[in-house]
Amino acid sequence: MFNLVADPGFLLVAWDRVRHNKGARTAGVDGETACYIEVVRGVEGFLAELREDLKTRAFRPLPVRRRAIPKAGGKVRYLGIATVRDRVVQASLKLVLEPIFEADFLPCSYGFRPNRRAHDAVAEVHHFASRSYEWIVEGDIKACFDEISHPALLDRVRKRVGDKRVLSLVKAFLKAGILIEDGTLSDTGAGTPQGSILSPLLSNVALSALDEHIAQGPGGPAATPYERAKRRRQGLPNYRLCRYADDWCLAVSGTKGHAEALRDEIAGVLSTMGLRLSPEKTLVTHIDEGLDFLGWRIQRHHKRGTGKSYVYVYPAKKALAAAMAKVQAICRVNTNLPLSALLHPLNRMLRGWATYFKYGCSHATFSYLRSYLWKQVIRWQERKHRRTPWKELRRRYGIWPAEGEVVLFDPARVRATRYYYRGARIPAPWPSTA
C-alpha cells in the first residue's frame with residue numbers, strides 16, 4: 001500500500017490536484033507556492049525528490065501555518081495551511097485510502113464523499129420528517145476538527161490499514177504541529193488541521209463511529225418494517241441519522257423524551273472519539289417548529305386552501321441575510337469604476353447562491369432578493385451620477401441594470417425545483433469488480 005503512495009503516477013495525479021486548487025497560490029511555512037515550484041525547482045525534479053524521501057523514510061511533514069477566518073457572532077475558525085510538498089503527499093495518501101474507507105462508510109453520511117452533496121442530506125431529512133419521524137435532534141459538535149482524539153482515530157484507521165508505513169505517515173501528519181501567527185510552534189495533541197487535504201477523510205473515519213452505532217441500534221435503519229411497527233406499538237422509538245461532515249440530524253419517530261434520551265446516548269458515543277456536543281446548539285425540535293440545516297429551513301406548514309400539512313424546504317433566513325450582506329458589501333465598490341465592474345462580482349456570487357438554493361420552495365426568497373438587489377444597484381448608480389435624474393439613468397442603463405452585454409443576474413428567473421431523495425440509489429464512485 002505504501003508503494004502506491006510513493007508511486008510516480010499517484011504523485012503526478014496528486015500534484016495536478018494540488019496545482020489546480022485555488023489554495024495553490026498560498027504558501028506554507030517554507031514560503032513555496034505551486035508556481036514557485038514550477039518555475040524555479042521544476043515539477044519533475046520536485047516529484048522525484050519527494051518520491052525518494054518517501055521511499056527512504058526521510059519524509060517529515062512540516063508544521064501547518066495557522067490563519068484565523070472570522071465567523072458569524074464574532075468567533076473565528078482556524079485553518080491550517082500545509083506546505084505544497086505536504087499537500088502533494090496528503091493528496092497521494094488520500095487517493096490510496098479513500099476507496100478503502102468508502103467501502104465501509106454508511107449511506108447516512110454525505111459530507112466530503114464522492115457523488116454525494118448537501119442536497120442529498122437535506123432531502124433525506126425531508127423524506128423522513130414527512131413520514132412520522134417528527135422529532136429532530138439537531139446536533140452540533142463542539143470544535144470537531146480540533147478535538148478528535150488521535151489514539152481513537154488511529155485505532156479506527158488501523159482496523160482497515162495494516163501497512164505500518166502508511167499508519168506512521170498518517171500519524172506524522174496528525175502530529176506535525178502548528179505555527180501560530182506570532183511565530184510560536186504549538187504541538188498538536190488532538191484534532192486534524194481544518195483545511196488540509198486529508199482532514200475531511202479522517203474526520204469521516206472518526207465520525208463513522210456514530211454512523212455505525214445508530215445503524216446497529218434496534219430502531220435504526222437495519223430494522224425491518226415489521227420490527228419498526230412492533231416497536232411503535234410497544235412505545236419504543238425508531239430513528240434515522242443524517243450526517244454531513246460534523247453537522248448531523250437524528251430524525252426520531254417517537255416522543256420528545258425518546259429524542260432527548262437518544263441525544264444523551266449519542267453524546268456518550270462521541271466522547272469515545274474525544275468529541276463533545278455543544279449544549280447551546282444541540283436542540284430537540286418538532287418538525288412543526290422547524291429547523292435550519294445546511295442553510296435550509298425544513299418545517300411543516302399548513303397548505304393554503306386545503307386541510308393538509310406538508311414539510312417544506314426553503315432557504316433559511318440566516319442564509320438570505322448572508323446573501324444580502326454580500327450584495328451590500330459588493331455594492332460599496334468605488335463609484336469611479338464602470339457599472340460592469342460592479343455587475344461581474346455580483347453575478348458570480350448570485351449565480352452560485354441561486355444554484356445551491358434552487359432545489360426547494362425558493363421562488364418567494366428569490367423574488368425578495370431580486371427586489372433588494374435592484375435597490376442596491378440603483379442606489380450605486382445614483383451615487384455615481386449624483387446630478388443625473390432617474391429618467392436619464394433608466395435611458396442609459398435600462399430599468400434592469402445592464403452595461404453593454406453585461407446584464408445583472410436576476411435570481412427570480414431561476415426556476416425552483418425539488419431535489420428528490422436518492423437514498424441507496426446514489427452510484428458508487430468506483431466501478432464494481434463483481
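Summarised in this report is the structure supplied together with it.

What counts as what
- Residues numbered from 1 in each chain as written.
- Predicted model: local features only at pLDDT ≥ 70, side-chain atom pairs only at ≥ 80, totals over all residues.
- Heavy atoms only, no water.
- Axes fitted to C-alpha atoms, helices over the stretch in contact; angles between N-to-C directions.
- Helix = DSSP H or I, 4+ residues; strand = E, 2+ residues; numbered from the N terminus.
- Parallel < 35°, antiparallel > 145°, perpendicular 65-115°, else oblique.
- Contact = heavy atoms within 4.5 Å.
- Nonpolar A, V, L, I, M, F, W, Y, C, P; charged D, E, K, R; others polar.
- Buried < 20%, exposed > 50% of the residue type's maximum accessible area, 1.4 Å probe, protein only.
- Lys, Arg positive; Asp, Glu negative; His and termini not counted.
- Salt bridge = Lys/Arg side-chain N within 4 Å of Asp/Glu carboxyl O.
- Polar contact = N/O pair within 3.5 Å; in protein donor to acceptor, adjacent residues only side chain to side chain.
- Pairing = 2+ DSSP bridges.
- Left-handed = near helix turned anticlockwise from the far one by under 90°.

Looking at the packing of helix α8 (residues 150-160) against helix α10 (residues 199-215)
And step 1. At a minimum axis separation of 9 Å, α8 and α10 run at an interaxial angle of 85°. Between α8 and α10, the angle falls in the class roughly perpendicular. Contact residues: α8 offers Leu153, Arg156 and Val157, while α10 offers Leu202, Val205, Ala206, Ser208, Ala209 and Glu212.
And step 2. Residues that form the contact of α8 with α10 fall into these classes: six nonpolar, one polar and two charged.

Describing the side chain of Arg116
And step 1. Structurally, Arg116 can be placed in the loop between α5 (84-102) and α6 (118-129).
And step 2. Although buried, Arg116 forms no salt bridge, and the nearest oppositely charged side chain, Glu102, lies 5.5 Å from it.
And step 3. Side-chain polar atoms of Arg116 contact the backbone oxygen of Ser109, separated by 3.1 Å.
And step 4. Residues within four places of Arg116 in sequence aside, it is in contact with Pro107, Ser109, Tyr110, Arg422 and Ile426.

A word on the pairing of strand β11 (residues 309-315)
And step 1. The pairing of strand β10 (residues 296-302) with β11 spans seven bridges and is classified as antiparallel. Residue pairing in the sheet places Trp296 in a bridge with Pro315 of β11.
And step 2. Hairpin geometry of β10 and β11 is characterised by an intervening segment of six residues between the two adjacent antiparallel strands and by a positive phi of about 85° at Gly305.

A closer look at the environment of Pro338
And step 1. Looking at the element boundaries, Pro338 is found in the loop between α13 (317-330) and α14 (339-357).
And step 2. Among the residues examined, Pro338 registers a relative accessible area of 39% and is labelled partly exposed.
And step 3. As for Pro338 and Lys384, which are separated by 46 residues in sequence, their C-alpha atoms are 9.2 Å apart.
And step 4. If sequence neighbours within four positions are ignored, Pro338 has contacts with Trp380, Lys384 and Glu403.

A closer look at the packing of α13 against helix α15 (residues 363-384)
And step 1. As a packed pair, α13 and α15 sit with axes 10 Å apart at the nearest point and diverge in direction by 20°. When the axis of α13 is compared with that of α15, the two are roughly parallel. You can see that α13 and α15 cross each other, and the crossing is right-handed. Touching Leu320, Met324, Val327 and Gln328 of α13 are Thr365, Tyr368, Leu369, Tyr372, Leu373 and Gln376, all from α15.
And step 2. Looking at the contact of α13 with α15 residue by residue, the class counts come to seven nonpolar, three polar and no charged.

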